[in-house]
Amino acid sequence: MLGFIWVLREYERGVVFRLGRLSAQPKGPGLVILVPIVDRLVKVDLRTITLNVPAQDVITKDNVPAKVNAVAYFRILDPNAAIVQIEDFMLAASQIAQTALRSVLGQHVLDELLSEREKINTILQGIIDESTAPWGIKVSIVEVKDVEIPSDMQRAMARQAEAERERRAKVINAEGEYQAAERLKDAAITIAHHPIALQLRYLQTLLEIGTSNPSTIVFPAPIRLFQPFLTRPSLPATATTEDSSGDGPEA
């Protein structure tokens, strides 16, 4: 490729300086012919660029040390601004991303950092995009990749999670006992109004036991269940008058 003849790809643009002055519009894509010695061309890639943000040591709002890294995706919308307004837009974007990462994560507690990634990513994207907009750069996505916390903090979080699970299990068990007690209370009220229901329940329990393996079962039963069979029917009282066999004394 000659110094005054350039072939730019579809995703490339050429920022042309003529005697040190910026040309009005970027050149390309396609064939670009320059004036030798007078013109100088700087190529700019318009494709989306992936920027890896190095791991940063941050202190969260609740004073927990952590090491966090991220990735940012951006593309150049204005090639002239990206060349003229900043010396090295890649280095500048990386520094802005690192600074924003430390600043934003220092305003959130560790639980938010672990559970509200989407919210933090949106805040980071807005800050970095606003800072790089004068350079003709559009930041589309910022994602927090990994969060490393000290091992002792990990053990403390594991104990906290275990204690929380045990608390939930006890609460659920207590709630079940409470609901069972409520149902038993309702059943007791029903049986108090309808005593025959208790006898039917006994018979149902006998039926359930009878389906199991043959065994000797001592089954308690209330005495009043057998009351009709224990009491003898009372015979009606009959007054019998015996006739006297002899004559009574005479007056």
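Residues numbered from 1 in each chain as written. Predicted model: local features only at pLDDT ≥ 70, side-chain atom pairs only at ≥ 80, totals over all residues. Heavy atoms only, no water.

This part is about the pattern of salt bridges. The final tally for this structure, using the stated rule, is 10 salt bridges. Residue K119 pairs with E116 through a salt bridge whose shortest N-O separation is 3.8 Å. For K119, a relative accessible area of 43% corresponds to the partly exposed category. Each of R9, E12 and K43 takes part in one network of salt bridges that share partners. (Salt bridge = Lys/Arg side-chain N within 4 Å of Asp/Glu carboxyl O. Buried < 20%, exposed > 50% of the residue type's maximum accessible area, 1.4 Å probe, protein only.)

So, on to the sheet that holds strand β5 (residues 39-45). Two strands in a sheet stick together by hydrogen bonds in their backbones, pointing the same way (parallel) or opposite ways (antiparallel). Strand order in the open sheet formed by three strands is β3-β2-β5, with antiparallel pairing between adjacent strands. Among the strands making up the open sheet, the edge pair consists of β3 (21-22) and β5. Inspection of the sheet shows strand β2 (residues 12-18) paired to β3 by two bridges, in the antiparallel sense. Looking across to β3, one finds that F17 is bridged to L22. (Pairing = 2+ DSSP bridges. Helix = DSSP H or I, 4+ residues; strand = E, 2+ residues; numbered from the N terminus.)

So, on to the environment of T50. By the secondary structure assignment, T50 is in strand β6 (residues 49-59). Considering only alpha carbons, one finds T50 and V142, 92 residues apart in sequence, at a separation of 9.9 Å.

Residues F4, V7, L31 and I33 make up a contiguous nonpolar surface patch of roughly 410 Å² in combined accessible area. Considering the arrangement of structural elements, one finds V7 in strand β1 (residues 5-8). Taking relative accessible area as the criterion, V7 reaches 54% and is therefore assigned exposed. (Patch = residues over 30% accessible without salt bridge, like charges linked within 9 Å, V, L, I, M, F, W, Y side chains within 5 Å. Areas by Shrake-Rupley, 256 points an atom, 1.4 Å probe, with all protein chains shown as cover.)

With that settled, the discussion passes to the environment of I137. Here I137 is to be found in strand β8 (residues 137-148). On the basis of relative accessibility, which here comes to 4%, the residue I137 falls in the buried class. Expressed as a C-alpha distance, the spacing of I137 and A93, which sit 44 residues apart in the sequence, is 8.9 Å. When residues no more than four places from it in sequence are discounted, the contact partners of I137 are F74, R75, I76, F89, D129 and T132. (Contact = heavy atoms within 4.5 Å.)

This next bit is on the nonpolar core. Core analysis: the biggest nonpolar cluster contains 37 residues, and V68, F74, F89, L101 and L124 have the highest contact counts within it. Mapped by element, the contributors of at least two residues to this core are β2, β6, β7 (65-76), α2 (89-105), α3 (110-115), α4 (117-132) and β8. At eight residues, the largest contribution of residues to this core is made by α2. Counting six residues, the second largest nonpolar core, distinct from the first, contains L8, V16, L34 and L41. (Core = buried A, V, L, I, M, F, W, Y, C linked by side-chain atoms within 4.5 Å.)

Okay, the sheet that holds β7 next. Spatially, three strands are ordered β6-β7-β8 in an open sheet, and the strand pairing comes out antiparallel. What marks the edges here is a single partner per strand, and that holds for β6 and β8. Ignoring which end each strand starts from, the neighbouring axes of this sheet average 20° apart. One ladder, built from nine bridges, connects β6 with β7; its direction is antiparallel. Its bridge partner lying in β7, Q56 is registered against V68. Running over the sheet, α2 touches β6, β7 and β8 and is turned about 35° from β6. (Axes fitted to C-alpha atoms, helices over the stretch in contact; angles between N-to-C directions.)

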